[in-house]
Each structure stands twice: as C-alpha cells, then as structure tokens.
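Observations on the three-dimensional arrangement
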Amino acid sequence: MLQEENFERFHFCLENKVSLPGHLDEDGGMGEQDNENPTETINELGVLDLPQMMGNIHVISVIGQVEGHLVMPPQNKTTKYEHIIPQLVAIEQSKDIKGLLVILNTVGGDVEAGLAVAEMIASLSKPTVSLVLGGGHSIGVPIAVSADYSFIAPTATMTIHPIRLTGLVVGVQQSFDYLERMQDRVISFITSHSDIQDSKVRELMMTTGELAQDVGTIVVGEDAVKYGLIDQVGGLGDAIKKLNELIEVGDTANRTSHMADPAHLEQELVETRQMVGDLGLFQNEVH
C-alpha cells in the first residue's frame, strides 16, 4: 500500500514538474535541479515544490550543536563542520556566488570545530553577513562575529561563558593552563572581529548569578549591539539588503582597481593607437 502511494506521488510530481532546490556543483557553481526523486521534497519538507534560488547569494545555516571530532547522539540536531568547510571552499572558488549569508540558531559545541568554521568565514574574499536567530551561544559567538557585518534578531540571545571540557580530565596544572590558552584564543578572535573590548568579554564570561548552573552572561538583542559584539539589530530582510550593498561596493572597487591597473591602461593605449591607425588607413583609402 505504501509503495502504491509513493508511486502515485512520484507520478504526480513528474507530471507537475516538481523539482528540488539547486546545489553547488563540482566547480562551485549553481548546479542543475535534481529531479531524480521528487518524493524526497514531500517526505522531508511536506511540500510539493520549493522556491528556486537563482541569485548570487549562498546561505549556510548553523543550527543545533556544532559537531566536531566526536559524533553526537542521533537525537541531537547538529551542524557538522566537515559539511560546512567544503561549502566555504566552493563558495570562494565559485564565479556565480558573490556573497555569503550565515544564519545561526545554535547552542554551541566543539570549540576547535567552531573556531575552524569561524576562521574560514573570516578569511573569505567575498562579502559575508551573519544573522543570529533564536540563539548564537558559546562557540556560536565567534562564528557570528566572523562575518564582515553581523545582525541579531531583537529577541535572540547569545550566551558568553568559560569553555568547558567533557570526558576524562587529568587534574594537573597543565590541564588548567591548556584551558586558559584555549579560552584566550576564543576571546582574541571575538575581539579582533568585533568592537567589544577584551576586558568586557572576560567580565561577561565570569559573571555569576545569571545562569543557574553555570558562570557567564546571557546577552539579548540590543545588549549585544550595545557591547559592540554585534553590529546591528535586524532580521532577514536587513541582512540580505546589507549583503547586496557589500557585494555592490566590492564590484565597484574591483572595476575601479581594474581600470587603474597599469597593464590595463597600457592595453587600452595599444588598442587606441591601433584604432587611430586603422582610421588613418581608412581615410587614405577614401581619398
């Protein structure tokens, strides 16, 4: 019975030309639509069709827990860093993609995996904008500030707290020194990619009385902007508008630098002389 229903759905999707959303191909461009199994759209998302994204902006979502070197339990929603990193490489190489929008609703996760993603986003040559929706907690903070410009929803929160270790910990001074150095790495990245001061991050990180079972501070919307952690309070429309502005500024700068390039000017001079020579030859033939 189930097979017959699936067959009917499959036949219906084929007749109505239902397609799946686009994807990055091997060259980093927007690949063709995948129509091999249209029932996946129904089973996974409960809809017959999805809006097709044919623009020049790529979207990466960081949701749930940032999964690092250890696989999380199956009931946990996770963002695997080994899935994000190849996308970032493809975005950097793609000629079709002009900007990146990073949407966050994460509880945090693996410190090194989160920092790796944040470092790659910060090193992209293309404009990037981040948007914190719901929450951008723990290691989600460096990912949020790694973009060229950051937004946070008015009701979204960000938790800043000391890093923690799970599993077996050797109770020696070297373990605590390692924790301190790792924490310094996180703070250094945050302060170098936002306007918040080092002392303020440490103050928020070591605050007691806000979290029932932890040390740290929950920062809400406007407060994140006030502290200099996030650039602006806003939503999806604001983020896309800002990213398009950054893309336009980048395109203008590239055109200007190309025109000012000595090799480009020399090539234009050669072409102009050739045109003048051809014009003189044409005039001699007329006379």
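In this report, the structure presented in the accompanying data block is examined. (Residues numbered from 1 in each chain as written. Predicted model: local features only at pLDDT ≥ 70, side-chain atom pairs only at ≥ 80, totals over all residues. Heavy atoms only, no water.)

**Structural notes on the packing of helix α4 (residues 111–123) against helix α6 (residues 173–192)**
Put simply, α4 and α6 touch, their axes get as near as 11 Å, and they point 25° apart. In terms of their interaxial angle, α4 and α6 are classed as roughly parallel. Between α4 and α6 the crossing geometry is left-handed. Counting all contacts with α4, which are made through Val111, Glu112, Leu115, Ala118, Glu119 and Ala122, the residues of α6 involved are Tyr178, Met182, Arg185, Val186 and Phe189. Looking at side-chain class alone, the contact of α4 with α6 contains eight nonpolar, no polar and three charged residues. (Axes fitted to C-alpha atoms, helices over the stretch in contact; angles between N-to-C directions. Helix = DSSP H or I, 4+ residues; strand = E, 2+ residues; numbered from the N terminus. Parallel < 35°, antiparallel > 145°, perpendicular 65-115°, else oblique. Left-handed = near helix turned anticlockwise from the far one by under 90°. Contact = heavy atoms within 4.5 Å. Nonpolar A, V, L, I, M, F, W, Y, C, P; charged D, E, K, R; others polar.)

**Structural notes on the environment of glutamate 222**
By secondary structure assignment, the location of glutamate 222 is in helix α8 (residues 221–226). Judged by its relative accessible area of 55%, glutamate 222 is exposed. Each C-alpha atom, one on glutamate 222 and one on alanine 156, is 9.3 Å from the other, the two residues being 66 residues apart in sequence. (Buried < 20%, exposed > 50% of the residue type's maximum accessible area, 1.4 Å probe, protein only.)

**Here's the deal with the packing of helix α3 (residues 81–93) against α4**
The packing of two helices is summarised by the inter-axis angle and the distance between the axes. Taken N-terminus to C-terminus, the directions of α3 and α4 make an angle of 10°; their axes are 10 Å apart at the nearest point. Considering the angle they form, α3 stands roughly parallel to α4. Contacts from Tyr81, Ile84, Ile85, Leu88 and Val89 in α3 reach Ala113, Val117, Met120 and Ile121 in α4. For the contact of α3 with α4, the per-class residue count stands at nine nonpolar, no polar and no charged.

**Topic: the side chain of histidine 161**
Mapped onto the elements of the fold, histidine 161 is located in the loop between β6 (157–160) and α6. A relative accessible area of 12% places histidine 161 in the buried class. Of note is the side chain of histidine 161, whose polar atom sits 3.3 Å from the side chain of serine 138. Non-local contacts of histidine 161, meaning those with residues more than four positions away in its chain, are made with Ser138, Met205, Asp214, Val215 and Gly216. (Polar contact = N/O pair within 3.5 Å; in protein donor to acceptor, adjacent residues only side chain to side chain.)

**Topic: unusual backbone geometry**
Here the phi dihedral of serine 138 falls at roughly 55°; this positive angle occurs in a residue that is not glycine. Along the chain, serine 138 turns up in the loop between β4 (128–136) and α5 (140–145).

**Re the packing of aromatic side chains**
Per the counting criterion, the structure on display carries one aromatic pair. For the ring pair tyrosine 149 and phenylalanine 151, a centre distance of 5.2 Å and an interplane angle of 55° mean the geometry is tilted. Each member of the pair tyrosine 149 and phenylalanine 151 is classed as buried. In this structure, lysine 242 packs its charged tip against the face of tyrosine 149, placed 4.5 Å from the ring centre. (Phe/Tyr/Trp six-rings, centres within 6.5 Å; stacked < 30°, edge-to-face > 60°. Lys NZ or Arg CZ within 6 Å of the ring centre and 35° of its normal.)

Functional significance is not addressed by these values, which are geometric in nature.
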